[in-house]
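Summary of structural features
Listed below, chain by chain, are the residues.
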Amino acid sequence: MSEILQPQSPGIPLPVPTIYSQPYWDGCQVGELRFQRCQDCGAITMDPAPACSACFSENLEWEVSTGLGEVYSWTTVWRPQTPAFTVPYVAVIVTLDEGFWLLANIINCPVDAVHVGMRVQTTFVELSDEITLPYFEPVD
Amino acid sequence: MAKHPFHDVAIVGIANSEQARVLEGHDSTTITFQAVHRVLADTGLTPQDIDGVAAGPFSGPLTYYMRNGPAWRNHMAPSIPIILDAASAIATGQCHTVLVAHGSAGIYTERASTAPWTRPANEFVVAYGMFTAAEFALIAQRHMHMHGTTPEQLATVAATIRNNGHAHPDAVYHGRGPFTPDDILASRMVADPFHLLDCAMTSEGACALILTTRERAQDLPNKPVYILGGACDSFGPSYQHPPAWDLAGPSGRNNGYTGRWAAQKSFAMGELGPTDVDVCEFYDPFSFEIIRQFEAYGFCEEGEGGDFIMDGRIGPGGQYPVTTDGGTMSFSHGGAAVQQLQRVIRGVEQLRGTCVTSQVPDAQVAMCSNGGAGALFTDVMLLGTETP
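Residues numbered from 1 in each chain as written. Chains lettered and ligands numbered in written order. Predicted model: local features only at pLDDT ≥ 70, side-chain atom pairs only at ≥ 80, totals over all residues.

Glancing now at the overall build of chain A. A tally of regular secondary structure across chain A gives one helix and eight strands. Ordered by position from N to C terminus, the α and β elements of chain A give α-β-β-β-β-β-β-β-β. Its C-alpha atoms give chain A a radius of gyration of 15 Å, near enough to 14 Å, the size a compact globule of 140 residues would have. Each of the three principal axes of chain A carries a C-alpha extent, and together these read 50 × 30 × 25 Å. Per-residue burial over chain A gives 38% buried out of 140 residues. Counting contacts in chain A only where the partners sit at least 6 residues apart, residues at least 24 apart contribute 53% of the total. (Helix = DSSP H or I, 4+ residues; strand = E, 2+ residues; numbered from the N terminus. Rg over C-alpha atoms; globule rule 2.2 N^0.38 Å. Buried ≥ 20, exposed ≤ 12 C-beta atoms within 10 Å, placed from the backbone. Contact = placed C-beta atoms within 7 Å.)

In structure tokens:
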């Protein structure tokens, strides 16, 4: 049985939200993975952005994702970016069921179990008063 | 009349400064100035012959201290796109002789962390421990999933390039080999599938090139190397968004094959195809990227790059020798720009026929590249001893 992946501890570098991404980070604080949908063409834009990535319209509204998806690609990191990070950690790109990608880390999972196509769901970890991070974990 | 405006531009000077893990007594400015002195010596030109400078943050200081104003200038950190800008400035008559230079020393001092240029802060990646190795690993893992590309194939690329550097007397890692694929696989894991020896190293150094008109090149001492073609593919900012292989817009052209369209344009400009290329000075930030580029540029079919690079094809004496000075894995990797220019410098050296090691006999066409899919961009240049 290999090591179970854990969330990082406070002290890692944290996101600095922008005017257009703040609603995304506000959502994380209440346990919602929010994404933007274009009210003109219906496409999803993610990461949070000031314009639709399909038609460049500014007419975007926030919706809440199911948080369910599958691993699109992954890498187990053994050399930390900075000493603030505890290794190993696994970076994943997840394809959410709504059809957008999110980059995050996967936790609550054996380090050698991560694979492309693995079903995952979001889970949230508070790192500071301002920032709660979305992570992914295996679907039971 | 040239068939393409780039064909009226030649690279007439190349130089590398000293390269080392750490260059004691230098900062980025002094090492860049060393490369500039060397490139002037290579060409026999003086500062007064230079009427354009593309040296990133050193463009202003160089023009000021060389007193070669009024001069054309470009302030972006120079790599292939800036060389092409310089060539365009010459081809359109804005200037006639451009110095391209960059250098880096004293930037990477906090060694417990990855190099600062590998981890630009961005709100969507910063908290997940991302840096270049992890970004490029996400591209490689997807390819391995889709096509069954193996760690042994990646290691074959790394061993080939590191052996080129092992042989090269000016490489930072000269004499560190020779390496077998098993040696690569035995090194510690950094970001799966990349072992330490699958990755670029970090070092310090500078380099410089001089471009001028075809006409002026005829009076200079070196064999002119012409720009046969060049173009750039970008899918967005590096290291700020998920580096997905399938990132694409409505065109369907995907990030995984970034560089394909730049290569197609470059080949068309030069009236060439992949089989005309004698030496592949491909950018090598991570071993998998060489496999990706052979597929992207049309040397082989999609998914076949892993098999394509086996059996000595990319080594000395092979059909497509790659990264013949040892590249970023072994020659030098001075930061964000220097080592990208060094791919073009090595291409010129190959076409001049002056490589001390790994010279490809009678090389006529070199393909040089920068970037990679973990960075969401790839830039391509084709160099030749003759133009169409």
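Next up on the list: helix α5 (residues 151-167) of chain B. The end-to-end C-alpha separation of α5(B) is 24 Å, in line with the 24 Å expected for 17 residues at 1.5 Å each. Taken across its 17 residues, α5(B) has 14 buried, putting it largely inside the fold. (Expected span 1.5 Å × (residues − 1).)

Residues and elements named next belong to chain B. Strand order across the open sheet formed by nine strands is β3-β2-β4-β7-β1-β8-β11-β10-β9, with mixed pairing between neighbours. With partners counted over all chains shown, the strands left at the sheet margins are β3 (72-74) and β9 (279-281), one partner each. Here the strands of the sheet are splayed against their neighbours by 20° on average, with no regard to which way each runs. For β9 and strand β10 (residues 365-372), the ladder comprises three bridges, and the chain directions are parallel. (Pairing = 2+ DSSP bridges. Axes fitted to C-alpha atoms, helices over the stretch in contact; angles between N-to-C directions.)

Residues and elements named next belong to chain A. Domain boundaries assigned for chain A yield domain 1 (16-64) and domain 2 (66-140). For domain 1 versus domain 2, the distance between C-alpha centres works out to 20 Å. On the side of domain 2, 12 residues touch domain 1, which itself brings eight residues to the contact. For the side of domain 1 that touches domain 2, the element with the most residues is helix α1 (residues 22-29), which contributes three residues. The class makeup of the residues in the side of domain 1 that touches domain 2 is six nonpolar, two polar and no charged. (Domains from an automatic or database assignment. Nonpolar A, V, L, I, M, F, W, Y, C, P; charged D, E, K, R; others polar.)

Next up on the list: the pairing of strand β7 (residues 119-126) of chain A. All names here are of chain A. Where strand β4 (residues 68-77) meets β7, three bridges bridge the pair, whose relative direction is antiparallel. Note that in β7 the partner of Glu70 across the bridge is Arg119. Pairing analysis gives seven bridges linking β7 to strand β8 (residues 132-138), with the strands arranged antiparallel. Paired with Thr123 across the bridge in β8 is Tyr135. Adjacent in sequence and paired antiparallel, β7 and β8 are bridged by five residues.

A common way to state how big an interface is: give the accessible area lost once the parts meet. Listed as interface residues are 31 residues of chain A and, on the opposing side, 28 residues of chain B. Of all the elements in the fold, those that place two or more residues in the side of chain A that touches chain B are β4, β5 (89-96) and β6 (101-106) of chain A. The element best represented in the side of chain A that touches chain B is β4(A), accounting for six residues. Of the residues that constitute the side of chain A that touches chain B, the class distribution is 22 nonpolar, seven polar and two charged.

With that settled, the discussion passes to unusual backbone geometry. Most peptide bonds take the trans configuration, and most residues that are not glycine carry a negative phi. Cis geometry is found at the peptide bond from Val87(A) to Pro88(A), where omega equals -5°. Mapping Pro88(A) onto the fold places it in the loop between β4 and β5. Its identity is not glycine, yet Asn108(A) carries a phi of approximately 55°, on the positive side. Residue position: Asn108(A) is located in the loop between β6 and β7. One non-glycine residue, Ser358(B), lies in the positive phi region at around 55°. Structurally, Ser358(B) can be placed in the loop between α12 (338-352) and β10.

This next bit is on the environment of Arg79(A). Within the fold, Arg79(A) resides in the loop between β4 and β5. Taking C-alpha positions, Arg79(A) is 9.4 Å from Tyr89(A), a pair spaced 10 residues apart along the chain.

Residues and elements named next belong to chain B. It is at 10 Å that the axes of helix α4 (residues 132-147) and helix α9 (residues 288-296) come closest, and there the two elements cross at 60°. In terms of their interaxial angle, α4 and α9 are classed as oblique. Where α4 crosses over α9, the two elements pack in a sense that is left-handed. Between α4 and α9, the contacting residues are Phe136, Ala140 and His143 on the first element and Phe288, Glu289 and Arg292 on the second. The residue makeup of the contact of α4 with α9, split by class, is three nonpolar, one polar and two charged. (Parallel < 35°, antiparallel > 145°, perpendicular 65-115°, else oblique. Left-handed = near helix turned anticlockwise from the far one by under 90°.)

A word on the sheet that holds strand β2 (residues 44-45) of chain A. Residue and element names in this part refer to chain A. If you walk across this open sheet you meet the three strands as β2-β1-β3, and the pairing is antiparallel. Either end of the sheet is taken by a strand with one partner, and the two such strands are β2 and β3 (60-64). Two elements, strand β1 (residues 34-38) and β2, share two bridges in a ladder whose sense is antiparallel. Bridged to Gln36 within β2 is Thr45.

Looking now at the nonpolar core. Most often, soluble globular proteins have nonpolar side chains that are buried together. Among the nonpolar cores identified, the biggest contains 164 residues, and Val100(B) and Leu209(B) are the most heavily contacted of them. Take this core: its biggest share by element is nine residues, from helix α3 (residues 80-91) of chain B. When we break this core down by domain, the ones giving at least three residues each are domain 1 (16-64) and domain 2 (66-140) of chain A. Among all residues touching Val100(B), those that are not within four sequence positions of it are Ala54(B), Ala55(B), Pro78(B), Ile82(B), Ile83(B), Ala86(B), Ala208(B), Leu209(B), Leu211(B) and Leu341(B). (Core = buried A, V, L, I, M, F, W, Y, C linked by C-beta atoms within 7 Å.)

Take the environment of Leu84(B) next. Residue and element names in this part refer to chain B. Within the secondary structure, Leu84 is located in helix α3. Look at Leu84 and you get buried, because 22 C-beta atoms sit within 10 Å. Along the sequence, Leu84 and Phe6 sit 78 residues apart, while their C-alpha atoms lie 8.3 Å from each other.

A word on helix α8 (residues 260-270) of chain B. Every α-helical turn comprises 3.6 residues, leaving residues that sit three or four positions apart pointing alike. All names here are of chain B. All of the buried residues in α8 are Arg260, Ala262, Ala263, Ser266, Phe267, Met269 and Gly270. Buried-residue contacts for α8 involve β8 (225-234), α9 and β11 (377-384). In the segment just after α8, Glu271 is the residue with positive phi, at about 55°.

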